[in-house]
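# Descriptive analysis of the structure
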Number of protein chains: 4
Amino acid sequence: MRFFSDNAAPACPEVMAALARANRLDTAYDGDGWSARLDSVFSDLFETEVAALWVATGTAANALALAALCPPHGAIVCHRDAHIQNDECGAPEFYTHGAKLVLAEGIGAKLTPETAAAALATIRDDVHQTQPHVLSITNATEYGLVYSADETAALGALAKARGLAFHVDGARFANAVVRTGASPAALSWKAGGDALSFGFTKNGGMSADLLVFFRPELKAAALYRRKRAGHLLSKGRFLAAQILAMIEGDVWLRNARAANAAAARLAEAAGPERLILPVEANELFIRVTPAEAQRLREQGFDFYDWGPGEARLVTSWDTDLAAVDTLAAAIRAL
Amino acid sequence: MRFFSDNAAPACPEVMAALARANRLDTAYDGDGWSARLDSVFSDLFETEVAALWVATGTAANALALAALCPPHGAIVCHRDAHIQNDECGAPEFYTHGAKLVLAEGIGAKLTPETAAAALATIRDDVHQTQPHVLSITNATEYGLVYSADETAALGALAKARGLAFHVDGARFANAVVRTGASPAALSWKAGGDALSFGFTKNGGMSADLLVFFRPELKAAALYRRKRAGHLLSKGRFLAAQILAMIEGDVWLRNARAANAAAARLAEAAGPERLILPVEANELFIRVTPAEAQRLREQGFDFYDWGPGEARLVTSWDTDLAAVDTLAAAIRAL
Amino acid sequence: MRFFSDNAAPACPEVMAALARANRLDTAYDGDGWSARLDSVFSDLFETEVAALWVATGTAANALALAALCPPHGAIVCHRDAHIQNDECGAPEFYTHGAKLVLAEGIGAKLTPETAAAALATIRDDVHQTQPHVLSITNATEYGLVYSADETAALGALAKARGLAFHVDGARFANAVVRTGASPAALSWKAGGDALSFGFTKNGGMSADLLVFFRPELKAAALYRRKRAGHLLSKGRFLAAQILAMIEGDVWLRNARAANAAAARLAEAAGPERLILPVEANELFIRVTPAEAQRLREQGFDFYDWGPGEARLVTSWDTDLAAVDTLAAAIRAL
Amino acid sequence: MRFFSDNAAPACPEVMAALARANRLDTAYDGDGWSARLDSVFSDLFETEVAALWVATGTAANALALAALCPPHGAIVCHRDAHIQNDECGAPEFYTHGAKLVLAEGIGAKLTPETAAAALATIRDDVHQTQPHVLSITNATEYGLVYSADETAALGALAKARGLAFHVDGARFANAVVRTGASPAALSWKAGGDALSFGFTKNGGMSADLLVFFRPELKAAALYRRKRAGHLLSKGRFLAAQILAMIEGDVWLRNARAANAAAARLAEAAGPERLILPVEANELFIRVTPAEAQRLREQGFDFYDWGPGEARLVTSWDTDLAAVDTLAAAIRAL
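The rules behind these values
Residues numbered from 1 in each chain as written. Chains lettered and ligands numbered in written order. Predicted model: local features only at pLDDT ≥ 70, side-chain atom pairs only at ≥ 80, totals over all residues. Helix = DSSP H or I, 4+ residues; strand = E, 2+ residues; numbered from the N terminus. Rg over C-alpha atoms; globule rule 2.2 N^0.38 Å. Buried ≥ 20, exposed ≤ 12 C-beta atoms within 10 Å, placed from the backbone. Contact = placed C-beta atoms within 7 Å. Nonpolar A, V, L, I, M, F, W, Y, C, P; charged D, E, K, R; others polar. Pairing = 2+ DSSP bridges. Least-squares fit on C-alpha atoms with pLDDT ≥ 70 in both. Expected span 1.5 Å × (residues − 1). Bend = angle between axes of the 7 residues up to and from the residue. Domains from an automatic or database assignment. Axes fitted to C-alpha atoms, helices over the stretch in contact; angles between N-to-C directions. Parallel < 35°, antiparallel > 145°, perpendicular 65-115°, else oblique. pLDDT = per-residue confidence, 0-100.

To continue, consider the overall build of chain A. Along its length, chain A carries 13 helices and 10 strands. The C-alpha atoms of chain A give 20 Å as radius of gyration, which agrees with the globular expectation for 334 residues (20 Å, within 12%). A burial count over chain A gives 62% of its 334 residues as buried. Taking the intrachain contacts of chain A between residues at least 6 apart in sequence as the baseline, contacts between residues at least 24 apart amount to 76%.

With 16 residues of chain C at the interface, the matching set in chain A holds 16 residues. Partitioning the side of chain C that touches chain A into residue classes produces 4 nonpolar, 8 polar and 4 charged.

Next up on the list: the pairing of strand β3 (residues 100–104) of chain A. All names here are of chain A. Most of β3 is tucked away, with 4 of its 5 residues classed as buried. In terms of strand pairing, strand β2 (residues 74–79) meets β3 through 5 bridges, oriented parallel. Bridging across to β3, C78 finds its partner in L103.

As a further point, take the environment of P216 of chain B. Residue and element names in this part refer to chain B. Locating P216 in the fold gives a position in the loop between β7 (209–213) and α9 (219–228). Here the alpha-carbon distance between P216 and G193, two residues 23 residues apart in the chain, equals 12 Å. With near-sequence residues (within four places) excluded, P216 lies in contact with E49, V50 and A51.

Structural alignment of chain C on chain A gives an RMSD of 0.0 Å, achieved by rotating through 180° and translating 0.0 Å along the axis. Taken together, the rotation and translation relating the two chain copies correspond to the operation of a two-fold axis. Considering only C-alpha atoms, the part of chain C nearest the rotation axis is G98 of chain C, at 2.2 Å. Of the interface residues in chain C, 100% have counterparts in chain A that sit at the interface too, so the contact is made through matching surfaces.

Attention now goes to helix α2 (residues 33–46) of chain C. Residues and elements named next belong to chain C. With 14 residues, α2 extends 21 Å between its outermost C-alpha atoms, agreeing within 8% with the 20 Å of an ideal straight helix rising 1.5 Å per residue. The principal kink in α2, of about 30°, is found at D39. Taken as a whole, α2 has its buried residues at W34, S35, L38, F42 and F46. Positive phi shows up at E47, right after α2, with a value of about 60°.

A few words on the domain arrangement of chain A. Residue and element names in this part refer to chain A. With domains assigned, chain A is organised as domain 1 (13–251) and domain 2 (253–332). When each unit is reduced to the centre of its C-alpha atoms, the spacing between domain 1 and domain 2 is 27 Å. The interface of domain 1 with domain 2 comprises 17 residues on the first partner and 17 residues on the second. Here the side of domain 1 that touches domain 2 takes 6 residues from helix α8 (residues 173–180), the largest share from any one element. When its residues are assigned to classes, the side of domain 1 that touches domain 2 shows 9 nonpolar, 5 polar and 3 charged.

Residues and elements named next belong to chain C. A sheet is described by the order of its strands in space; here 3 strands give the open sequence β8-β10-β9, paired in antiparallel fashion. In this open sheet, the two edge strands, each paired with only one partner strand, are β8 (283–287) and β9 (304–305). Bridge count for β9 against strand β10 (residues 310–314) is 2 bridges, and the pairing is antiparallel. Opposite D305, over in β10, you have A311 as the bridge partner. Sheet strands touched by helix α11 (residues 251–270): β8 and β10. Its angle to β8, the strand with the most contacts, is close to 15°.

All right, on to the environment of G90 of chain A then. Here G90 of chain A lies in the loop between α4 (83–86) and α5 (91–96). A sequence separation of 123 residues divides G90 of chain A from F213 of chain A, and the C-alpha atoms of the two residues are 22 Å apart. Leave out the neighbours within four places in its chain, and G90 of chain A touches R228 of chain B together with H73, G98, K100 and T130 of chain C.

Before going further, it helps to examine the sheet that holds strand β6 (residues 195–199) of chain D. Residue and element names in this part refer to chain D. Spatially, 7 strands are ordered β1-β7-β6-β5-β4-β2-β3 in an open sheet, and the strand pairing comes out mixed. Across the chains shown, the open sheet's two edge strands, defined by having one partner strand only, are β1 (51–55) and β3 (100–104). Strand-to-strand twist of the sheet, defined as the mean angle between neighbouring strand axes without regard to direction, takes the value 20°. Across 5 bridges, the pairing between strand β4 (residues 131–138) and strand β5 (residues 165–170) is parallel. Paired with I137 across the two strands is V168, which belongs to β5. In the packing of helix α7 (residues 149–161) onto the sheet, contacts are made with β4 and β5, and the angle to β4 comes to roughly 170°.

Moving on, we come to the interface of chain A and chain B. Residue-level contacts link 39 residues of chain A with 39 residues of chain B. Within the residue set of the side of chain A that touches chain B, elements represented by two or more residues are α1 (13–22), α3 (58–69), α5 and α9 (219–228) of chain A. Across the side of chain A that touches chain B, the residue classes tally to 20 nonpolar, 12 polar and 7 charged.

So, on to the packing of helix α8 (residues 173–180) of chain B against helix α11 (residues 251–270) of chain B. Residues and elements named next belong to chain B. At a closest axis distance of 8 Å, the pairing of α8 and α11 adopts a crossing angle of 75°. As far as their axial angle goes, α11 and α8 are roughly perpendicular. Within the contact between the two elements, α8 uses A174, N175, V177, V178 and R179 and α11 uses W252, L253, N255, A256, R257, A259 and N260.

In this section: the environment of G74 of chain D. Residue and element names in this part refer to chain D. With respect to the element layout, G74 can be found in strand β2 (residues 74–79). The exposure class assigned to G74 is buried, which follows from the 22 C-beta atoms found within 10 Å. Apart from the residues lying within four places of it in its own chain, the contact partners of G74 are A99, T130, Q131 and H133.

So, about the pairing of strand β8 (residues 283–287) of chain D. Residues and elements named next belong to chain D. Within β8, 4 of the 5 residues are buried, which leaves the element mostly enclosed by the surrounding structure. The sheet contact formed by β8 and strand β10 (residues 310–314) spans 5 bridges and is antiparallel. Paired with E283 across the strands is V314, a residue of β10.

A cis amide bond links N139 of chain C to the next residue, A140 of chain C, at an omega of -5°. Here A140 of chain C is to be found in the loop between β4 (131–138) and α7 (149–161). One non-glycine residue, H97 of chain B, adopts positive backbone phi at about 65°. Looking at the element boundaries, H97 of chain B is found in the loop between α5 (91–96) and β3 (100–104). If you check the backbone angles, D250 of chain C has positive phi at about 55° while not being a glycine. Mapped onto the fold, D250 of chain C is located in the loop between α10 (237–247) and α11.

Averaged over chain A, the pLDDT score is 97; the fraction of residues at 70 or greater is 100%. Confidence estimates for the predicted assembly give a pTM of 0.97 and an ipTM of 0.97.

Laid out in C-alpha cells, this is it:
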C-alpha cells in the first residue's frame, strides 16, 4: 500500500497491449506509422493545428520546450516550487544553454498574475540582466492544485502583454483536465499557451511524454534539439504507440479520474484540519505528527515526509480503492 | 524482407517478458531492484568493478561518456565516419559543452594507431587550440568491421601514452564480442578502455542501452548529467529489466550470433567482387548497379543506397533465414 | 560633479604612463615580460604562491573563477544582490555551462554564515537538484559594506565544512583592504578563499582586472577557458602593465583610500538619519525625497536613484574633494 | 628586427593620443559619446546602415558573430586553416553552444565556391546531422591571400543560394581593402556579407576590434551575448576611441598600406622560388632550409618556423623599412 509517487505505478493494460502490437519491424526513429499520426491526433484533441514530439521523460519535454522559447541570455519566470526549478537538476539551464529561472511566489506552487508580475518587476530592463522570455506554470501544480481555464488565461494574458512565451508543464495535465472539466484547448492554447509538456508516464504510461507546440513552426528546430540531446529513440514507435493507446478510448481521462477520485476520498477522510492544501488532483499534503506517521507506516502505508509534521500522499491510475478505504479509516482513527 | 537497419527490428521475446514482469509498482527513477543490480551484474560480466547507468539511447550513452572524459575546452579524436561525428547531430558537442571532434582516417571507419597518431599530430600544443582528451572508437565500426582485442589494446596503449581517456562506442559491442571471441573485458578495460557505450537496443532491446565506466568514480557526476539531460526515466526499472533480461541466459550473445550469421551468409552469396569491405559483424556494403538494386527491390528486398553503385544491408537478431537465403539467391542471380 | 559610478572615472596617471611604456614591440598574447611577472608579484603581495591571469573585465574574472570551481551541474551560493546574480547578464551561467545561483539573504548584500547556511539548507541532497559547489561573496559588497578578515574567515570555514570552494568577488577589493586594514592574504586565502577577482578598473585602471587562484593548479584549465572566451588579448602586455603599475608604489591602496575618504566625508555630512547603510567603502545609499534629489541635481550633482526616496552616490580615486565638500554642504542644506 | 606577428607591434600614435583624450570622466560601459558614434561612422564607411559593437579581441568578434548567425544545432562551413578552427581554442563552439565547424579545402586558406560546395555536399539533410547555417571566410586569409570583391561575391552568392548566412573574419580586413582597392562595402555586404569582424588591433590598435552587422536587427541579442561573455568593458570609451581614431584620417588604410608594402618588398627580395604562396597582404611564407633560417636569425631577424623548411614572416604598420631592406638583402644573400 504505497502512496509514494505516481511514477511508482505500473503501466496500464492498454499501454502494455500497444507495446506488444508495436513490436514488429518498422522504420526506425520517428519514421514509423505511429509517430506519423501524432500531429494529427493531437491537432484533433486540441482543436487546432499543433506539432507534437514524443520524448521519454517530462524533464526532456520541459527542457526542450523552454529551449524553443528562451534564448541563452533570457530568463524564465516560474514558481519557486516548480519542477523545472527544483526537480530537474538544471535541465532547463542545460538545454537553454544558461538561461535564468526567476522565481515567483504563490500558495501551493500556484502563480497568480500578481505574483508573476511581482517577479517580473524585479528585472531591470537593461543589458546587465537576463530579460524575461517565458512564463512557465505547472498544471496540476507540484502541490496538487489546479489552474482553471480562466486562471490559466489570466496568466497567458499577462505573458502576452509582456511579450513572453507561455509554457505549461502538464506532467499531470490529465488530472487538471479531469478536475476542471475544461477542454485541453481551454487549458492550453486558448489560454495563450505556446507549448505544453503533456505527461503520460505518471498517468499510466511506461516511458512516454509528449511535447506539444501550439506554434507548429517551433517543431523544426526542436527536432534537431531532441536528436542532439539523445532523445530521438531508435525504436520510437514504442513511445508513439503508448501515447496513442492512452488517447484512444480516452484512457488518459479514465486513468486521471481514478487517481483524482482516490485522492478525493482520502482528503475527505483526512478532513479540513489535517489538509495543508485543498486536494484538487492526485496529491495530498497533510499534517501528521511523527507518531501518527509512524502508526500509519506500521499499518503498511508508505509515503514521503514533507517537512516537519507533514506528509505527502500520491494516488495513481491504479490505486487500489480497498487500500484507499483502509488508509482513510486509518487516518480517521489517528 | 527489410534489410534497412537493426533499429527497425522488434524487441526479442525475453525483453518483452521482462517488461511484463517489471510492470508492477516499484520505487521510481533508479531506486528499484533491477537498477540496483546493474553495477554488480556488469562487474561480473566484465570481471572487474564497473559502474553502470542505463539510458534510453546510444547517443545519450556516448554523449554522457564523452562529457565525463572531456572538458569543454578539450578535443576528442575519432574516425571521420564515427557515429559521434555523423549521426548524433552534435550530441557530443552539446553534452561536453563545445568540445571539438578531431577526425582521423582509416578503412571501414576503423582507426589504427597510425591514423590516430596522425590526427593527434595536427594539434599544436598551445592554448590557442583545444587539446586532445579522449580517443573514441566504435566496435563494431559503422561499416561493420571489428577491432580484435589486440587492435583495441594497441589503440588503448596509444591513448594512455598520450594521456588520453579511451572510449568505446559499443552500439554493436555484442557483434564484436561474438565475432572476435574475445571476452567483454578484453575488448574494453583490459585494452585500456575507460568507458563503454554498451548497446542493447539494436540487438533485440526495446529502448535500453548501458553506459559502463571502468573507472567507477566517474559515475557520480554522470548521474547528475544524466538527470539534467532528461535521461533519468521515472520508471527506470523498465530499462534495467530489459538489460538484465538480455544478459541472463546470454540472450545478447545469441542475438548477435544470429545477426552476424545472417550477414555472413549474405556475404558468401555476394562473393568477394561485390563486397566493398569484409563482413565481420551484421552489416554488408556491396557493389550493385542501380539496375541491379532495382531488381532486388522489385523482388521485395528493402535496403539503403550508400553512395553511387553501393548498397548497405543490415541484418538483425530476428532476420529470417528464409529471407536471407532468398536474398542470397537473388544476389547470386544478378 | 558626477557621482554615478567608479567606472565613469578616468584611468590614473600611473596607468597611463605604464601604457606608454608598454607601447613597444613585444611578444603577443601573454608571452611578454609584464605578463610573465604577474604570478610572482602577486605571490609576494599575497604571501603565498598564487596563479594570476589578467582579464579585461570583472565579469570575465568572476565567470572564469566560477567555471574553475563549479561543474555545469553544480550550484553557487551567493547573495541575492550579488553582482554575479544581477549585473552580469548570466555570465556565470554561460561560463559554467548552466550552473545555478542559489540566493541568500543579508543586509547590504552581505552574507553571514547563518544566511549562507539557510540558503544551503534549501538544497536537497539528491540527483534531482544541482548540488552546491561554491560559496561566493563580494568584498566590498555591492552596497558598500565590507567583510572583515574574521567575517570572511567565518564564511570560508562554512564553505570548507560543506565541501564548497570559496570565491571572493573583489571588484572593490582595494576598498575593503583599506577599510579593514587587513592584509590581502587575510581577506582571501587565509580566510579560506580559493579564487579572487581582484579589481583594478574601478580603482583607476583603464581595462584590467586580475583573476587570482590560491590553488595554482586551477590556472592550467583557466588559460584555455580564457582563450576560448575571447579574453586572451593579443597585446596582453597592456593589461599586465596597468596592473603592475597599480601594485608598484601601492597606487592601488592610495586610490582606494582617496575614494573611501571622499565617501566617508559625504557620509558624515549626510548624517545617520539619511544613511540607509553604513558607509564602509566608496558607495553611499541615502534617503532623499524626489524634491531633494532634484535640488541636488539642479546644483550640478549627478547620481543614480536607487528605489523610491533613495539615491546611490559613488566616489572614486579621483573624486574632487572640492566637489565633495560642495556636495556635503548641499546635503546638509537640504 | 622581429617579424613574428602584427600582434607584437605597438599601438600607433593616433591611438595613443585618442586614449589620452578619452581619459576623462564619462558614462560607463557603452553609454559614452565615442561608443554612441560607432553605428553612424561605420554606416558612412560602409555606405549602408550597419550596427557596430566594439570588443577587445578578434576572437570575441568572430564568436559573437557566429553565435548571432548559427544555432547550437547548426554548422559553420569554413576553411580547414581558418582562425576560427585553429586559433581560438573552440571559441565558436563556446559561443554558439556547440555548433560544428565543417572544414573545406583551398590553397592558402582561401575557399572557392567549388571547395565550399564540396564541403556542403558532405552534409546529409536529415536530423541526425547538424545542418549548415553559416559560411565563414577570412579576408585577408590566414596565409596572406586576399579575396577580391568578385571572389567574395561568388561565395556570398553560394551562401545565399544555400540559405546560409555569410561571415567575414576581417582581422586583416584593412590589408584586403588596400590590396584589392575595393570599397569596404564591396568586400562585405555588397558581396552578401551579414557580419564582419573588423580588426583594428593587428593594424595599430591597442585592444579594439569591431563587430559589424549588415543586418542591424542582429545587434540587439548580440548586446546581451557580449555582456554575458564579459566583453562589455566598463570603460568602453577607450575601445571606441581607438577605433574612431583609426577611421578618422584613414589611419587604418595608411597603416595597412605600410604593412602590405613592407611585405611586398620582402617578397620581391625572396623571389618566386622561395615564395610558397603569393604575397597579397602582410604575411610571407617562404622556403628556407634550417641552416638558412639559422643564418637569418644570427643576423638578428626573428620569425616563426612554419613546418619543415618553411618560415612565416609578418610585417606590420610600423615595420621599419630599414629592417625590411636589411632582411631583403639577407634573404637575397642566402
